[in-house]
Amino acid sequence: MPDKKKELVASLIREGVLKTKEVIEAFNKVPREKFILAKYHNYAYVDEPLPILRGQTISQPFTVAAMTEALRPKKGQKILEIGAGSGYQAAILAEIVGKKGRIITIERVRELAAFAKQNLRKCNYTNVSIIKSDGTMGWKKSAPYNRIIVTASAPEIPTPLIEQLKIGGVM
């Protein structure tokens, strides 16, 4: 599996998607196979979305890399993620923000929230909180955020998310 991971990361760097040292390091460190269903482990480092639970998918690595690079996360930041899925994107961000940073991720589907929590726990991510809630409302209790990433689809940017972003923050 490590060779497949190295090949994927090298490919994403060649394609110009992975650019920054911190994001590359996070991709090298986070075990994507721990965030997918066991029957898909052989496909963990194929650049494709994979089924998880309730008809949802874990995003393809290209998408996770592009969104993470666009977000420009930094060490020590507090980031809100809308759409926890399997927890993979949160793990990537947790690596980047480090122990002094915080990731709050919201998931509306109960089974996915539990799956993400289980995956993050077994990988020892202690700087991530998973909230079972409606992501369109954000999570005011921990606002404001340095960054907000929306990994779920929405027809428009929900106003509460805009209100919970720090001035000068990135969404």
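Up top is the structure these notes are about.
> Mind laying out the side chain of Glu107, listing which residues take part and the relevant values?
Within the secondary structure, Glu107 sits in strand E4 (residues 102-107). One buried charged side chain, Glu107, makes no salt bridge at all; its nearest oppositely charged neighbour is Arg108, positioned 5.3 Å away. Here Ala84 takes part through its backbone nitrogen, which lies 3.1 Å from a polar atom of the side chain of Glu107. Setting aside its immediate chain neighbours within four residues, Glu107 contacts Gly83, Ala84, Gly85, Leu112, Ala113, Ile131, Lys132 and Ser133.

> How would you sum up helix H5 (residues 110-122)? Please name residues and give values.
Taking 1.5 Å of rise per residue, the 13 residues of H5 would be expected to cover 18 Å, and the 19 Å separating its terminal C-alpha atoms lies within 8% of that figure. When we look at burial in H5, the residues that qualify are Leu112, Ala113, Phe115, Ala116, Asn119 and Leu120. Each buried residue of H5 sits inside an arc of 160 degrees when the element is viewed along its axis, so together they form one side. Every exposed residue of H5 that faces more than 90 degrees away from the buried side is listed here: Arg110 and Arg121. Residues of H5 that are buried sit in contact with helix H4 (88-97), E4 and strand E5 (128-132). Downstream of H5 by one or two residues, Asn124 has phi in the positive range, about 65 degrees.

> Please set out the nonpolar core residue by residue, giving values where relevant.
Phe27, Phe35 and Tyr125 are the most contacted members of the largest nonpolar core, which has 44 residues in total. Elements with a contribution of two residues or more to this core: helix H1 (2-14), helix H2 (21-29), helix H3 (61-71), H4, H5 and E5. Leu80, Ile131, Tyr145 and Leu165 belong to the second largest nonpolar core, which has nine residues in total.

> Quick one: what's the story with a nonpolar patch on the surface, residue by residue and with numbers?
Together, Val150, Ile157, Ile162 and Met171 give the surface a local cluster of nonpolar side chains, amounting to about 330 Å² of exposed area. Of note, Met171 is situated in the segment after strand E7 (165-170). Since its relative accessible area comes to 38%, Met171 is described here as partly exposed.

> Before we move on, could you go through unusual backbone geometry and cite the residues and values that matter?
Going from Ala143 to Pro144, the amide bond is cis rather than trans, its omega being 5 degrees. With respect to the helices and strands, the residue Pro144 is situated in the loop between E5 and strand E6 (145-150). Although it is not a glycine, Arg54 sits at a positive phi angle of roughly 50 degrees. Its location among the elements puts Arg54 in the loop between strand E1 (50-51) and strand E2 (57-58).

> Quick rundown of the pattern of salt bridges? Include the residues and the values.
All told, the structure shown has three salt bridges when counted by the stated rule. Here Lys21 makes a salt bridge to Glu25, at a shortest N to O gap of 3.6 Å. Of the two residues, Lys21 and Glu25 are both situated in helix H2; the distance of four residues between them amounts to about one turn of the helix. The exposed category is assigned to Lys21, whose relative accessible area is 58%. We classify Glu25 as partly exposed; its relative accessible area is 43%.

Procedures and definitions
- Residues numbered from 1 in each chain as written.
- Predicted model: local features only at pLDDT ≥ 70, side-chain atom pairs only at ≥ 80, totals over all residues.
- Heavy atoms only, no water.
- Helix = DSSP H or I, 4+ residues; strand = E, 2+ residues; numbered from the N terminus.
- Buried < 20%, exposed > 50% of the residue type's maximum accessible area, 1.4 Å probe, protein only.
- Lys, Arg positive; Asp, Glu negative; His and termini not counted.
- Salt bridge = Lys/Arg side-chain N within 4 Å of Asp/Glu carboxyl O.
- Polar contact = N/O pair within 3.5 Å; in protein donor to acceptor, adjacent residues only side chain to side chain.
- Contact = heavy atoms within 4.5 Å.
- Expected span 1.5 Å × (residues − 1).
- Arc of directions from axis to C-beta.
- Core = buried A, V, L, I, M, F, W, Y, C linked by side-chain atoms within 4.5 Å.
- Patch = residues over 30% accessible without salt bridge, like charges linked within 9 Å, V, L, I, M, F, W, Y side chains within 5 Å.
- Areas by Shrake-Rupley, 256 points an atom, 1.4 Å probe, with all protein chains shown as cover.

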